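Each chain, letter by letter, is given below.
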Amino acid sequence: MSIVLYGLTLWGGATDVSRVLLIQKRALRILCGAERLAHCRPLFVRERILTVFSLYVLQTLCRTHANVGELVTRQNFHSHETRGRQRLDEPYQRLSRTRSSYGHLSVRLFNKLPVMARNLPAGKFRRVLGDLLLNNPLYSLREFFMLDSSLKKPCDLPLVITLNEVTYTLRGFLGVCGKTSSITSIGHYVAYVRRGNDTWELYDDTKDSKICVSPSKSVPCQVLVYTV
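Predicted model only: the values in this text are computed from it and were never measured. (Residues numbered from 1 in each chain as written. Predicted model: local features only at pLDDT ≥ 70, side-chain atom pairs only at ≥ 80, totals over all residues. Heavy atoms only, no water.)

J.: Even after reading the chapter, I still don't get helix α9 (residues 122-135), so can you show me in this structure?
T.: Since the α-helix advances by 3.6 residues per turn, residues separated by three or four positions end up pointing in the same direction. Over its 14 residues, α9 extends 20 Å from the first C-alpha to the last, a length consistent with the 20 Å expected when each residue adds 1.5 Å. Turning to α9, its buried residues number three or more, namely F125, L129, G130, L133 and L134. The buried side chains of α9 occupy one side of the element, clustering within an arc of 155° when seen end-on. Tucked inside the fold, the buried residues of α9 contact α4 (41-47), α5 (52-66), α8 (115-118) and α10 (141-146). (Helix = DSSP H or I, 4+ residues; strand = E, 2+ residues; numbered from the N terminus. Expected span 1.5 Å × (residues − 1). Buried < 20%, exposed > 50% of the residue type's maximum accessible area, 1.4 Å probe, protein only. Arc of directions from axis to C-beta. Contact = heavy atoms within 4.5 Å.)

J.: Hey, could you run me through the packing of α5 against helix α7 (residues 102-112) in this one?
T.: Axes are the key here: two packed helices are described by the angle between their axes and the distance separating the axes. Contact geometry of α5 with α7 gives a least axis separation of 9 Å together with a crossing angle of 85°. With respect to each other, α5 and α7 are oriented roughly perpendicular. Between α5 and α7, the contacting residues are Y56, V57, T60, L61, R63, T64 and H65 on the first element and Y102, L105, S106, L109 and F110 on the second. Of the residues contributing to the contact of α5 with α7, the split by class is seven nonpolar, four polar and one charged. (Axes fitted to C-alpha atoms, helices over the stretch in contact; angles between N-to-C directions. Parallel < 35°, antiparallel > 145°, perpendicular 65-115°, else oblique. Nonpolar A, V, L, I, M, F, W, Y, C, P; charged D, E, K, R; others polar.)

J.: Would you mind going over the side chain of E201 with me for this structure?
T.: Relative to the helices and strands, E201 is located in strand β5 (residues 200-203). A polar contact of 3.0 Å, which involves the side chain of E201, links it to the side chain of R195. Apart from the residues lying within four places of it in its own chain, the contact partners of E201 are A191, Y192, V193, R195, K210, I211 and V213. (Polar contact = N/O pair within 3.5 Å; in protein donor to acceptor, adjacent residues only side chain to side chain.)

J.: What is the right way to read a nonpolar patch on the surface from this model?
T.: Taken together, the side chains of L174, Y189, V223 and V225 define a hydrophobic patch exposed on the protein surface, amounting to about 290 Å² of accessible area. Inspection of the secondary structure assignment puts Y189 in strand β4 (residues 188-194). Judged by its relative accessible area of 39%, Y189 is partly exposed. (Patch = residues over 30% accessible without salt bridge, like charges linked within 9 Å, V, L, I, M, F, W, Y side chains within 5 Å. Areas by Shrake-Rupley, 256 points an atom, 1.4 Å probe, with all protein chains shown as cover. Salt bridge = Lys/Arg side-chain N within 4 Å of Asp/Glu carboxyl O.)

J.: Got a minute to help me understand the packing of aromatic side chains in this structure?
T.: Each aromatic ring pair is summarised here by two numbers: the centre-to-centre distance and the angle between the ring planes. Within this structure, the stated rule accounts for four aromatic pairs. Between F144 and F145, the aromatic rings sit 6.2 Å apart at their centres with planes inclined by 75°, giving edge-to-face as the arrangement. Of the two residues, F144 and F145, both sit in the buried class. Taking the centre distance of 5.3 Å and the plane angle of 50° together, the rings of F173 and W200 count as tilted. Remark: W200 occurs in strand β5 and F173 occurs in strand β3 (residues 166-177); sequence separation between them is 27 residues. Judged by relative accessible area, which is 1%, F173 ranks as buried. Relative accessible area serves as the criterion here: at 4%, W200 is assigned to the buried category. The ring of Y139 has R41 sitting right over it, with the charged end atom 3.9 Å from the ring centre. In this arrangement the basic side chain of R108 is found over the ring face of F145, its NZ or CZ atom lying 4.3 Å from the centre. (Phe/Tyr/Trp six-rings, centres within 6.5 Å; stacked < 30°, edge-to-face > 60°. Lys NZ or Arg CZ within 6 Å of the ring centre and 35° of its normal.)

What follows is the structure, encoded as structure tokens:
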């Protein structure tokens, strides 16, 4: 582990990093007594070992999180209350070599995180991110950009909460769909509404009518709506 971590933030974005992953997978199969062609993702999860790509993401994001106050955000360029005002500014890079550098990738990786996660204390930030990466072994950096930690099942959401002796009931939630790994793709909001018989309906302005949603289906969930 210590050998892989040496200078990882400098070389972790290179194209040949996949060769290190192959060595990791081979060593893991030997340690676990698995077959030569055994699938390694379950082994990484079971043994709680981070892949080289997961280690790169963890090291890069923790360092960026510690120094985020020194970085430029989009709200430094305007005063509008836009959805992406808290995103770090990502200057345009023409060359692929520059786009794979630490300075560029650190901004892209950090912008992928939910705003709530970016504001966590350093210790909790590392712990939560580490658990996410342990449960989702990365075989490439692209896989991190495709992760969607906001997916929730409606049946797993708390139907009732109590704050300051006041009881609130879940009525629905908002989610962002249509989002891709592209920096220019921000998706659009959709609404999930809970009906009286605990059924769920999806309201999407790109659809002609409402859609019934299974409570056990994982869907994007960013904002919960409760009423008294």
